Each structure stands twice: as C-alpha cells, then as structure tokens.
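Close look at the chain arrangement
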Protein chains: 2
Amino acid sequence: MNATPKLGKVQLQIMQVLWARKRATARQITDELNRQKPTGAPPIAHSTVQTLLRKLEAKGAITHSIEERTFVFEPLQEKSEVETGAVGDLLTRLFDRSISGLVAHLVKHEKVSPEELRRLRQVVEQAEATAQASQDVKTSKEEAQ
Amino acid sequence: MNATPKLGKVQLQIMQVLWARKRATARQITDELNRQKPTGAPPIAHSTVQTLLRKLEAKGAITHSIEERTFVFEPLQEKSEVETGAVGDLLTRLFDRSISGLVAHLVKHEKVSPEELRRLRQVVEQAEATAQASQDVKTSKEEAQ
DNA sequence: CATAATTGTTTACCTTGGTAAAAGATAAGG
DNA sequence: CCTTATCTTTTACCAAGGTAAACAATTATG
C-alpha cells in the first residue's frame, strides 16, 4: 500500500518547501507558497494548507512533532523517491517504459537551448563512463578468481 | 480552455489504442484493453469505456462519426501534444523546468542498461548536431546579407 | 414474431485533490 | 479578566477520474 502514493500539484509544492527547509510549520509553508504565487493570483488559505498537510501525513509522506504547542512538519519521503514515482508513471503511461523514447521527445519537442544540450550530453557521457568503470571493476574481479 | 486538458490513466490507455489504430469502435477498445490486462486482473466494463469515451470527446481529445449505426472514434489530439503536456507538467512540478535535471534523474535513479545509455547519447548527439547545423545556416544567411 | 444481443444513454456511487469557512482550544495583551 | 490572535480540528463543497449497473433503442436470430 506504500509505494509512493502519488501527490497532487499543491501537495508537491508543499513537499518542495519541506525538502528545501527540512522542517517547517504550517504557517511558514502557507507564507512561502503565497510568496511564490505571482502577484494578483489569489492566495492559498492557511486552512487549505493545513488540510493538505493532514492528507500528506495520512499517506505517510510527512510527519510532525510538536514544539511550543505548534506542529513542525518534516518530510518522510525524499525527493528522489517521489521523482522516481512520477517519472515511472510518465514512462509507463506514455513512453512504453522507454527512457530513450522520453529523451527523444525532450530534445525533439521541448525547446532545449544549446547550453542545455551540452549539459545533457555531459550528463549522459558521465553516466556511460561510470557504468563502464563499474563494469571494469566487475570484470577484473572475475579475472582475479 | 484547450491547452491539452490532462488525461487520466485509463483515458490515456484509450488514447493509445486510438493512436495505434487511427480509428476504433468502443467495443474494439474495450476488447483491446482487456486483452492487454494481465490474466487475473478484473476486466474493464464496456460501459466504463463508453463513459470515458464520452468524457474524452467532451474535452475535445477525440471525435466520432457514425457508421452502420455504430460510433467510430478518432483521436483529435496527437500523441506528441499529449506527451508535451505531460512532460511539461512533470518538469514544472518536480524539476524546476530543468530538462538536464530530469535526464540526470533518469540516468541516476532509473536503471538504464548500457545499450539504452548508448542510444541515449546518440539521441542527444544527434540533436546537438542538428542544432549546430541550423545555427550554421542562420550564420551563413547573416553573412550573405 | 418473440427473444437475445448489441449499442448508446442515463444515473449513481466512490475516491482523491483542492478549497476554505466554522468551530474549538489556548496563549498573549491590554 | 476579557478580548484578540493563533493554532488545530471539524465539516462541507466542488471537480475529475474511474467504475458500472440500469435503461432504452434497435438489430439479429431462432
């Protein structure tokens, strides 16, 4: 029942605040979210944030302790976990689990600047080099036997 | 009101069938979805599929015509559009709009085989070369003036 | 022709996310 | 002490996705 229970849009925004600050009160989160909102946009109500915090806690994404009679929330799930869940979902739903299919879409349909492309290539090259290195280790271990 | 209205999980499965077959009746879609389901999983009811087809049409994702007194559905939105919407959503919600951030997550946390990594690098290199080429064209045009 | 099968329509229910006011509890200020 | 401010809890709605039975219309079929 506990494999990254899928968070909504605002729930994720709350998690972002918690990931950034490690711990925060409901009030701090409300203020932060409203600070982020573009001017003119209707602010989120404090009670809304509290309701969502409850729901997040109910599904095990966060926890709280009490300090000076006030709830202090902390994330339980880490960002990379949630990312993996969301990315996995996207891969399954639209890209037939093909990672290169997803990246192909990215470079084809999202506008990627040349610098971003360069960064992208470096990320992939780095990963390839790392994979090669650990393969080498494995091979030399096998040879040593 | 019409910027890729976000489709649910089953709605996407229906769209996949339509994208693959170009056109299909509700019955064909139901059968296909149930064929795809792992054995033992409860089959989806035909009326469920029909309800979802209605909702999809209501939001402009598909349309239908009548042939031999039976509805034949066709996709209106194309796959790449929907992909762009879903990917954009993911980028906004979790990766601060950073494409290389997303790809970094992919190669770090999803298990990517060496072959897939190679394919990945080729995809990126290809895109880089293409970008370079169009940049060259633009440059030579400017020089020609 | 009567009945069974198919197709589309209507209606209903459940869940989750989001929104927020209202109510309750308690500490702080005047 | 009474009021105000600040929390938390309770309660209520709405929308969307998903699920599917029940109903109506129409076509096949024995």
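A separate point is the protein's contact with DNA strand D. Near DNA strand D you find 18 residues, and of these Q50, R54 and F71 of chain A together with K9 and T51 of chain B are the closest. Of all DNA strand D atoms lying within 4 Å of any protein atom, the proportion belonging to sugar or phosphate reaches 62%. Here a phosphate oxygen of DNA strand D and a side-chain polar atom of R27 of chain A are 3.1 Å apart. In this structure, a phosphate oxygen belonging to DNA strand D sits 3.2 Å away from a main-chain N or O atom of A45 of chain B. Listing elements by their share of the surface near DNA strand D, those giving two or more residues are α3 (46–58) and β2 (70–75) of chain A together with α1 (9–21) and α3 (46–58) of chain B.

Let us now look at the packing of α1 of chain B against helix α2 (residues 26–36) of chain B. Residues and elements named next belong to chain B. Remark: α1 packs on α2, axes separated minimally by 10 Å, with the N-to-C direction vectors making an angle of 110 degrees. When the axes of α1 and α2 are compared, the pair comes out roughly perpendicular. The two elements α1 and α2 cross, and the hand of that crossing is right-handed. Residues Q13, I14, V17, L18 and R21 of α1 pack against Q28, I29, E32, L33 and Q36 of α2. Class assignment for the residues of the contact of α1 with α2 results in five nonpolar, three polar and two charged.

Each partner contributes residues to the interface: chain A has 43 residues there, and chain B has 43 residues. Here chain A and chain B share an interface that buries about 3,900 Å² over both sides, 72% of which is from carbon and sulfur atoms. A per-residue breakdown of the area chain A buries against chain B is headed by R93, L94 and I99 of chain A, which together make up 17% of the total. Across the contact surface, chain A and chain B share two salt bridges.

In terms of domain boundaries, chain A breaks down into domain 1 (9–75) and domain 2 (111–144). Each of domain 1 of chain A and domain 2 of chain A has a C-alpha centre, and the two are 38 Å apart.

Here the focus is the nonpolar core. Nonpolar side chains in soluble globular proteins tend to be buried together. Membership of the largest hydrophobic core comes to 70 residues, with the highest contact counts inside it found for I14 and I29 of chain A together with I14 and I29 of chain B. Sequence-distant contacts of I14 of chain A, that is, excluding residues within four places in its chain, are made with I29, L33, V49, L52, L53 and L56 of chain A.

Another aspect to go through is the packing of aromatic side chains. All names here are of chain B. For the structure shown, the criterion picks out two aromatic pairs over all chains. Relative to F73, the ring of F71 lies with its centre 6.0 Å away and its plane at 65 degrees, an arrangement referred to as edge-to-face. The exposure class of F71 is partly exposed, given its relative accessible area of 33%.

It is worth spelling out the pattern of salt bridges at this point. Tallied over the entire structure, the rule returns 14 salt bridges over all chains. Note that R21 of chain A is salt-bridged to E32 of chain A, the shortest N-O span being 3.7 Å. With a gap of 11 residues between them, R21 of chain A in helix α1 (residues 9–21) and E32 of chain A in helix α2 (residues 26–36) connect regions that are remote in the sequence. For R21 of chain A, a relative accessible area of 35% puts it in the partly exposed group. A salt bridge links E67 of chain B to R23 of chain B; its shortest N-O distance comes to 2.8 Å. One end of the pair, E67 of chain B, is in strand β2 (residues 62–67); the other, R23 of chain B, is in the loop between α1 and β1 (24–25), with 44 residues separating them in the sequence. A relative accessible area of 37% means that E67 of chain B is categorised as partly exposed. Taken together, the salt bridges that share partners define one network made up of R21, E32 and R35 of chain A.

Cut-off values and rules
- Residues numbered from 1 in each chain as written.
- Chains lettered and ligands numbered in written order.
- Predicted model: local features only at pLDDT ≥ 70, side-chain atom pairs only at ≥ 80, totals over all residues.
- Heavy atoms only, no water.
- Near = heavy atom within 4 Å.
- Polar contact = N/O pair within 3.5 Å; in protein donor to acceptor, adjacent residues only side chain to side chain.
- Helix = DSSP H or I, 4+ residues; strand = E, 2+ residues; numbered from the N terminus.
- Axes fitted to C-alpha atoms, helices over the stretch in contact; angles between N-to-C directions.
- Parallel < 35°, antiparallel > 145°, perpendicular 65-115°, else oblique.
- Left-handed = near helix turned anticlockwise from the far one by under 90°.
- Contact = heavy atoms within 4.5 Å.
- Nonpolar A, V, L, I, M, F, W, Y, C, P; charged D, E, K, R; others polar.
- Buried area = accessible area lost by both parts, 1.4 Å probe.
- Salt bridge = Lys/Arg side-chain N within 4 Å of Asp/Glu carboxyl O.
- Domains from an automatic or database assignment.
- Core = buried A, V, L, I, M, F, W, Y, C linked by side-chain atoms within 4.5 Å.
- Buried < 20%, exposed > 50% of the residue type's maximum accessible area, 1.4 Å probe, protein only.
- Phe/Tyr/Trp six-rings, centres within 6.5 Å; stacked < 30°, edge-to-face > 60°.

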